Amino acid sequence: MRAWWKQFYEINKSIFRLTGDDFSYFTIVGLVAIVGDVLAAFSSIYVRFLRFAVALLISDTTLRGRVLAEPVFGHGGFRFTFMLLVMMALYLALYVARAPGVLARRATQISSLERDKQALLPRVDFRDQLAAAVGVSFTSIKRIARVTGYEGNAEMRQEETFVVSNLRLQDLVRRVGSDCKINRHDPVIEVVGLPRGIRPTKKYKDLQSEPGTREYTVCFDPPLERMNAPATLLIREEMDRVFYLCWEDVPGDWPRSDRAEYMGHLVYEPTEQLSLLVEFPLGYDPPQESVSIRVNYARGETRHLDEELRLAHGQALRIRRNSDGAAVLSLDIKKPLLGLTYMLCSKPLSKSQVDALKERFAPARPAG
């Protein structure tokens, strides 16, 4: 009803407007028509109209003559009704004449506003607003795991491309943890693309308060600010037994009831693109139905089903093969939401399947 009333109001505003390029002409014509209507109602025009109406409505000649012989100088109510009918006919004619133009202009305005809205949406994205307020944004974050053997050893790589604007960035601190009981080798930490004169100091430590979690820190001297080009933080390290490729090896006290393993990332900074990738050993092919996406709120177990549905519709999850024929799982998220943990999940194979792969792809022993 509101839309209909607004449309009706706009058309009448065009009919009875008090401003506009053709205001003088429109006003004069309208006033002349109204004055003419009043004069016609109380003049011989009304009499002629009445005689014409009687001639149309009464077919009997004798009765028609008797009616027309009656004096027509009174009839105040009929004359007033005649005047209103003429005004109503004039209004309807103007409404029909004005409506197409008003509706066409309104449709054009709505279309223009929609185009402007679509053009402005990328500029008003909350990530851009947050990045401008915080002073740093990440254009890309990649976490890559290359599983090198059937025991679950893997080469882990983390790449984060960032730009600093109105912030004096003194350090970057990252934490990577695992639920597995793993042995971690010394990492390699680099920052590529830093401006001249910036001397980074890199260090790491295993947190006693959070078993299985390692903290990496890069300090910048002098602090980073107003970067003209992005820089990339690279962290590479090898981890032993970081993946449970065999279902029987998964601990019974695994925190997730489905006992699927995962690689995940908690988004806590404005990020344009997040990518998770796992490359399995040759021959290890997790069934497609065992691969899934999971999105949790923060670090808890509450699932964010709307975001999972968005990723499913966007076909964010892919299963492919590399140049060697090994299976590769990847999850690519455009504009991930802050405060959510994105996980690439897969269920391990059975012990008999893994043992068969070990036998089939085991390196040949030298003779002698």
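Let us look at the structure shown here. (Residues numbered from 1 in each chain as written. Predicted model: local features only at pLDDT ≥ 70, side-chain atom pairs only at ≥ 80, totals over all residues. Heavy atoms only, no water.)

Topic: empty space enclosed by the protein
Working step 1: Summed over the entire model, instances satisfying the criterion amount to 2 cavities of 30 Å³ or more.
Working step 2: Taken as a whole, the largest cavity encloses approximately 100 Å³ of empty space.
Working step 3: Arg143, Ile144, Met156, Arg157, Gln158, Val176, Tyr216, Ile235, Arg236, Glu237 and Met239 together form the lining of the largest cavity.
Working step 4: Secondary-structure elements contributing two or more residues to the lining of the largest cavity are β1 (136-147), β2 (154-164) and β8 (231-240).
Working step 5: With 4 residues, β8 is the single largest residue contributor to the lining of the largest cavity.
Working step 6: Residue composition of the lining of the largest cavity, grouped by class: 6 nonpolar, 1 polar and 4 charged. (1 Å grid on protein atoms, 1.4 Å probe; cavity = no way out; pocket = protein on both sides within 12 Å on 5 of 7 lines; lining within 4 Å. Points joined across faces, edges and corners; volume = space filled by probe spheres on them. Helix = DSSP H or I, 4+ residues; strand = E, 2+ residues; numbered from the N terminus. Nonpolar A, V, L, I, M, F, W, Y, C, P; charged D, E, K, R; others polar.)

Notes on the environment of alanine 231
Working step 1: The residue alanine 231 is located in strand β8 in this model.
Working step 2: When residues no more than four places from it in sequence are discounted, the contact partners of alanine 231 are Glu160, Thr161, Phe162, Val191, Val192, Gly193 and Leu194. (Contact = heavy atoms within 4.5 Å.)

Here's the deal with the pattern of salt bridges
Should the charged atoms of two oppositely charged side chains come close, the side chains can pair.
Working step 1: In total, this model carries 20 salt bridges according to the counting rule given.
Working step 2: The partner of glutamate 159 in a salt bridge is arginine 157, and the shortest N-O contact between them spans 2.4 Å.
Working step 3: Note on arginine 157: relative accessible area 29%, which makes it partly exposed.
Working step 4: Where arginine 174 meets glutamate 269, a salt bridge forms, and the shortest distance between an N and an O atom there is 2.8 Å. Pair noted here: arginine 174 is in strand β3 (residues 169-177) and glutamate 269 is in the loop between β9 (261-266) and β10 (273-279), with a separation of 95 residues, a long-range link. With respect to class, arginine 174 is no different from glutamate 269; both count as buried. (Salt bridge = Lys/Arg side-chain N within 4 Å of Asp/Glu carboxyl O. Buried < 20%, exposed > 50% of the residue type's maximum accessible area, 1.4 Å probe, protein only.)

Structural notes on the sheet that holds strand β14 (residues 340-346)
Working step 1: The strand order β9-β14-β11 describes an open sheet built from 3 strands, whose pairing is antiparallel. Of all strands in the sheet, those bounded by a partner on one side alone are β9 and β11 (291-297). Direction aside, neighbouring strands of the sheet carry axes that sit 20° apart on average.
Working step 2: Of the pairings in the sheet, the one linking β11 to β14 comprises 7 bridges and is antiparallel in character. Within the sheet, the bridge partner assigned to tyrosine 297 lies in β14 and is leucine 340.
Working step 3: Here helix α7 (residues 305-313) sits on the sheet and contacts β11 and β14; the angle it forms with β11, its principal contact strand, is near 145°. (Pairing = 2+ DSSP bridges. Axes fitted to C-alpha atoms, helices over the stretch in contact; angles between N-to-C directions.)

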